[in-house]
Amino acid sequence: MTEPRDPKRYRPNVGLALFHKDGLVFVAKRIATDGPYQWQMPQGGVDRGEKPLEAAFRELEEEIGVREEHVDLLEETADWLYYEFPTDVRTKMKPRGRYLGQKQKWFAFRFKGRDADIRLDTHTPEFVDWRWAT
């Protein structure tokens, strides 16, 4: 029998799936990474006192410049999804050992803006490039 998870040991996080009207999904390439497999969907932490949906809208704007009026919410996962950080990642975190991993809620949005509304330079840039993918 496994021990129950302590939710306080998992950093609250939101994942963002942004869908184009043609059914493609937004992916972005992380800054300062090599290799062809560094593309991901935006995601980020939930601030203290912030609701997950509020964090989702904030992260969309911070990471890719997409504002709330550029999207329609399609769906939100009902439950938190948990995963643990690899040991080498966990040992580098400050403070060490505070979090075992992350708990995520995922949000699906339909993009109703223009490609020009997507901006990777509106906050501290995390991505160097983006595209719509299958």
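Just so it is clear, the structure is predicted and the values come from calculations on it, not from any experiment.

Section: the overall build of the protein chain
Looking only at helices and strands, the protein chain features two helices and eight strands. Across the protein chain, helices and strands are ordered from the amino to the carboxyl terminus as β-β-β-β-α-β-β-α-β-β. Radius of gyration (C-alpha) of the protein chain: 16 Å, near the 14 Å computed for a compact globule of 134 residues. Overall, the C-alpha framework of the protein chain stretches about 50 × 35 × 25 Å when taken along its three principal axes. Looking at the protein chain residue by residue over its 134 residues, the buried ones come to 36%. Summarising the internal contacts of the protein chain: among those between residues at least 6 apart in sequence, 72% fall at separations of at least 24. When the accessible area of the protein chain is evaluated, it comes to approximately 8700 Å², of which 50% is carbon and sulfur surface. Charge separation in the protein chain, taken as the distance between the mean sites of 23 positive and 24 negative side-chain charges, equals 5 Å.

Describing the pattern of salt bridges
On inspection of all chains with the given rule, the structure shows 10 salt bridges. The partner of Glu-62 in a salt bridge is Arg-58, and the shortest N-O contact between them spans 3.2 Å. Highlighted residues: Glu-62 and Arg-58, both in helix H1 (residues 52–64), separated by four residues, approximately one helical turn. Across the salt bridge formed by Lys-105 and Glu-76, the nearest N and O atoms sit 3.4 Å from each other. With Lys-105 in strand S7 (residues 101–111) and Glu-76 in strand S5 (residues 71–76), this residue pair connects regions lying 29 residues apart in the sequence.

Observations concerning the side chain of Asn-13
You can see Asn-13 is positioned in strand S1 (residues 10–19). Overall, Asn-13 belongs to the buried group, its relative accessible area being 0%. Looking at Asn-13, its side chain comes within polar contact range of the side chain of Gln-43, at 2.8 Å. Contact partners of Asn-13, with chain neighbours within four places excluded, come to Gln-43, Gly-44, Gly-45, Val-46, Trp-80, Gln-102, Lys-103, Gln-104 and Lys-105.

Digging into the environment of Ile-31
Here Ile-31 is to be found in the loop between strand S2 (25–30) and strand S3 (39–40). For the pair Ile-31 and Gly-44, spaced 13 residues apart in sequence, the C-alpha to C-alpha distance is 15 Å.

Re the confidence of the model for the protein chain
On average, residues of the protein chain score 92 in pLDDT, and 98% of them reach the 70 mark or higher. Mean pLDDT across the elements of the protein chain bottoms out in helix H2 (residues 87–92) (81) and peaks in S5 (98).

What counts and how
Residues numbered from 1 in each chain as written. Predicted model: local features only at pLDDT ≥ 70, side-chain atom pairs only at ≥ 80, totals over all residues. Heavy atoms only, no water. Helix = DSSP H or I, 4+ residues; strand = E, 2+ residues; numbered from the N terminus. Rg over C-alpha atoms; globule rule 2.2 N^0.38 Å. Buried < 20%, exposed > 50% of the residue type's maximum accessible area, 1.4 Å probe, protein only. Contact = heavy atoms within 4.5 Å. Areas by Shrake-Rupley, 256 points an atom, 1.4 Å probe, with all protein chains shown as cover. Lys, Arg positive; Asp, Glu negative; His and termini not counted. Charge placed at Lys NZ, Arg CZ, Asp CG, Glu CD. Salt bridge = Lys/Arg side-chain N within 4 Å of Asp/Glu carboxyl O. Polar contact = N/O pair within 3.5 Å; in protein donor to acceptor, adjacent residues only side chain to side chain. pLDDT = per-residue confidence, 0-100.

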